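Tertiary structure, described
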Amino acid sequence: GMFLGRYAVNPVNGEKIPIWAADYVMIDYGTGAIMAVPAHDHRDFEFARQYDIEIRTVIEPLDPAAASPDEPYIGPGVMVNSGAFDGTPVDVAVGVVTEWLEAQGLGRAAKNFRIRDWLISRQRYWGTPIPIVFCERCGEVPVPEEDLPVVLPDDVDFRPTGEDSPLASATEWVNVACPKCAGAARRETDTMDTFVDSSWYFNRYVDPHNEKLPFDPEVADAWMPADQYTGGIEHAVLHLIYARFFQKVLVDLGMASAPEPFPNLLNQGTITMGGKRMSKSRGNLVDPSEAFERYGADSLRLYMLFSGPPEQDFDWPDEGVRSIGRVAYPWLQRVWRLCEDNRDVVSVGNLNQSPLDEALTRQVHRTIRVVSEDFERFSFNTAIARLHELVNHAYRYRAAGGGHPGVMRELIEALLKLLAPMAPHITEELWHRRGHQDSIHTQKWPVFDPDLASLEQVTMVVQVNGKVRDKLEVPAGITEEEMKVRALSSDKVSAQLQGREPRKVIVKPPKLISLVV
Ligand SMILES: [Zn+2]
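Quick caveat, the model's predicted, so the values are computed rather than measured.

1. With respect to the sheet that holds strand S15 (residues 314–316)
Spatially, three strands are ordered S14-S13-S15 in an open sheet, and the strand pairing comes out mixed. In this open sheet, the two strands that pair with only one neighbour each are strand S14 (276–277) and S15. Relative to S15, strand S13 (residues 271–273) runs parallel, the two sharing three bridges. Bridged to Ile271 within S15 is Phe314.

2. Details of the coordination of the zinc ion
Taken together, the protein ligands of the zinc ion are Cys135 (SG), Cys138 (SG), Cys178 (SG) and Cys181 (SG), with distances of 2.2 to 2.4 Å. Coordination at the zinc ion comes from four donor atoms whose angles at the metal span 104 to 115°, giving a geometry best classed as tetrahedral. Classification of Cys135 as buried rests on a relative accessible area of 7%.

3. Quick look at the sheet that holds strand S8 (residues 175–177)
Spatially, four strands are ordered S7-S6-S9-S8 in an open sheet, and the strand pairing comes out antiparallel. Strands with a single pairing partner mark the edges of an open sheet, and in this sheet they are strand S7 (139–142) and S8. When the angles between neighbouring strand axes are averaged without regard to direction, this sheet yields 40°. As judged from the three bridges shared by strand S6 (residues 132–135) and strand S9 (residues 184–187), these two strands associate in the antiparallel manner.

4. Brief notes about the layout of surface pockets
If you add up the space inside the largest pocket, you get close to 2,100 Å³. Taken together, 48 residues form the lining of the largest pocket, with Asn10, Ile17, Met35, Ala36 and Val37 sitting closest to its centre. Within the residue set of the lining of the largest pocket, elements represented by two or more residues are strand S1 (2–9), strand S2 (16–21), helix H1 (42–51) and helix H2 (90–103). Taken together, 32 residues make up the lining of the second largest pocket; nearest its centre are Thr128, Leu148, Met192, Trp200 and Pro214. Of all the secondary structure elements, the ones that give two or more residues to the lining of the second largest pocket are helix H4 (194–198), helix H5 (201–205) and helix H7 (239–252). Looking at the lining of the second largest pocket residue by residue, the classes come out as 23 nonpolar, three polar and six charged. Counting only domains with at least three residues in the lining of the second largest pocket, you end up with domain 2 (121–195) and domain 3 (199–267).

5. As for the packing of helix H9 (residues 297–306) against helix H10 (residues 328–341)
For any two helices packed against each other, one specifies the crossing angle of their axes together with the interaxial distance. One way to put it is that H9 packs onto H10 with a least axis distance of 9 Å and a crossing angle of 115°. Judged by the twist between their axes, the crossing of H9 over H10 is right-handed. Counting all contacts with H9, which are made through Asp298, Ser299, Leu302 and Tyr303, the residues of H10 involved are Ala328, Tyr329, Trp331 and Leu332. For the contact of H9 with H10, a count of residues per class yields six nonpolar, one polar and one charged.

6. Notes on the domain arrangement of the protein
For the protein, the assigned domains read domain 1 (2–103), domain 2 (121–195), domain 3 (199–267), domain 4 (271–455) and domain 5 (456–516). Placing the centre of domain 3 and that of domain 4 at their C-alpha centroids yields a distance of 34 Å.

7. What to know about the packing of aromatic side chains
Both the distance between ring centres and the angle between the ring planes are used here to describe each pair of aromatic rings. Inspection of every chain in the model, using the stated rule, returns 23 aromatic pairs. A centroid spacing of 4.9 Å and a plane angle of 50° characterise the contact between Phe47 and Tyr51, whose relative ring orientation is tilted. In this pair, Phe47 and Tyr51 are both assigned in helix H1, four residues apart and thus about one turn of the helix distant. Ring centres of Tyr201 and Phe202 lie 5.3 Å apart, and the angle between their planes is 75°; on these two criteria the pair is classed as edge-to-face. By relative accessible area, Phe202 is classed as buried at 6%. Aromatic ring contacts, followed pair by pair, group Phe3, Tyr7, Trp20, Tyr24, Phe47 and Tyr51 into a single cluster. Above the ring of Tyr7, the side-chain terminus of Lys16 is found at 4.6 Å from the ring centroid. Across the ring face of Trp173, the terminal group of Arg187 is positioned such that the distance to the ring centre comes to 5.3 Å.

8. Considerations on the environment of Gly77
With respect to the secondary-structure elements, Gly77 resides in the loop between strand S3 (59–60) and strand S4 (78–79). Judged by its relative accessible area of 9%, Gly77 falls in the buried class. The sequence separation of Gly77 and Ala487 amounts to 410 residues, and the corresponding C-alpha distance is 67 Å. What Gly77 contacts, discounting residues up to four positions off in sequence, is Ile59, Glu60, Pro61, Thr88, Pro89 and Val90.

How each quantity is defined
- Residues numbered from 1 in each chain as written.
- Predicted model: local features only at pLDDT ≥ 70, side-chain atom pairs only at ≥ 80, totals over all residues.
- Heavy atoms only, no water.
- Pairing = 2+ DSSP bridges.
- Helix = DSSP H or I, 4+ residues; strand = E, 2+ residues; numbered from the N terminus.
- Donors = N, O, S within 2.8 Å, 3.2 Å for Na, K, Ca; no water.
- Tetrahedral: all angles 85-135°; square planar, octahedral: opposite > 155°, others 65-115°.
- Buried < 20%, exposed > 50% of the residue type's maximum accessible area, 1.4 Å probe, protein only.
- Axes fitted to C-alpha atoms, helices over the stretch in contact; angles between N-to-C directions.
- 1 Å grid on protein atoms, 1.4 Å probe; cavity = no way out; pocket = protein on both sides within 12 Å on 5 of 7 lines; lining within 4 Å.
- Points joined across faces, edges and corners; volume = space filled by probe spheres on them.
- Nonpolar A, V, L, I, M, F, W, Y, C, P; charged D, E, K, R; others polar.
- Domains from an automatic or database assignment.
- Left-handed = near helix turned anticlockwise from the far one by under 90°.
- Contact = heavy atoms within 4.5 Å.
- Phe/Tyr/Trp six-rings, centres within 6.5 Å; stacked < 30°, edge-to-face > 60°.
- Lys NZ or Arg CZ within 6 Å of the ring centre and 35° of its normal.

So, in structure tokens, the structure goes:
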């Protein structure tokens, strides 16, 4: 550091403060000038010690033993050696001192952003042309709006030369008439950084054929913001910040109304092998084509989805592609056999269901419910675990003599639809083998019956004038209103009421409802 031979005046107490130049103070942070506090900052402390500058304690810890003359004190405490502010706790003092400075007209609170200008021009062919024309007489002239967009020429050697932009060699494209004076002019030959395009492409994607505008704000408003955004954590400091800036500018321009482009973000984890990113040169690679040939693409997908939550990193086992053969591949074969062995059972209407049939039906509806919830929170590994359970139930049901055609049909079709997003090929094949002509991927997502999907059934007793008249199986989470509806629609209860409205209804969910007439 170097003493500049000059002093600043502390506006609070009028004391002179020496001004030093120091290499640890960042020129682009704030104004580039800082007020050092040597007693309470590590770098200021080291600097003051080296240049023999006064180290004045202004914060005293509540426990005096916490302070040491050999190092700065960083923790909480109260102000000392600070005149009128003595005794003020540090966390309060920042606000109090700022208010005092504002009241005296000596300063004000300000927000500092740690952001810098972004140089967007690149010497590349593949980028959006910068719509500026250079005229000898008029200088830099923007291309008029009616001439936008400027389209890249397609007769260019676009390999980088290391010097000029490849566009500089496209003479016919470069030489244009000045939009202002019609004299000889040249186009800007740099193109924009592709980060410019990725900062607003989502608005264009919802209106991709618009030839008049980047996008129609009304169309964009109907779709935006994006419901869900997925990407690697490496985008956190560049793309996602740029995209948010652009969206806010578009809002200011009246072209968009959603202030945030991506309200929901999922950062997916990285798949590694031996703790390192897979790469050909390192040889720590799972060759997808080997996986496809040996086990099929669906097995590979299922294996990866089953390996853990998507936001977690996953280290592929050393055995490589063979690990797919342990669970994912045999399980898909098990699904195949289940579907094929029960292909020809046709639903013949509402056959009476045995308790075994009912139990399996409940399992189907419960599975639809929990797998749907798993999908909503990207919990594909637990969704697959539920489908494993469902398939186990189906095999046990068959082994126990179960074979209700309607029940098996409902189970298999629900299983295939729930599995389809994760194993698209095998489910499509099995769907068609069941006689369907259209694609499984255009089917509606299966719907569960809340009663059947309810985890627990209880017996609800219905009394009329103190006597038990009916017992009904209801879901444990039944509401009072639903209990009344069920009780009043019971034939046995209706027979007792004979059209009379109950004078009084006592409901004790979920097990008792008592009607008084
Ligand atoms: Zn001109």
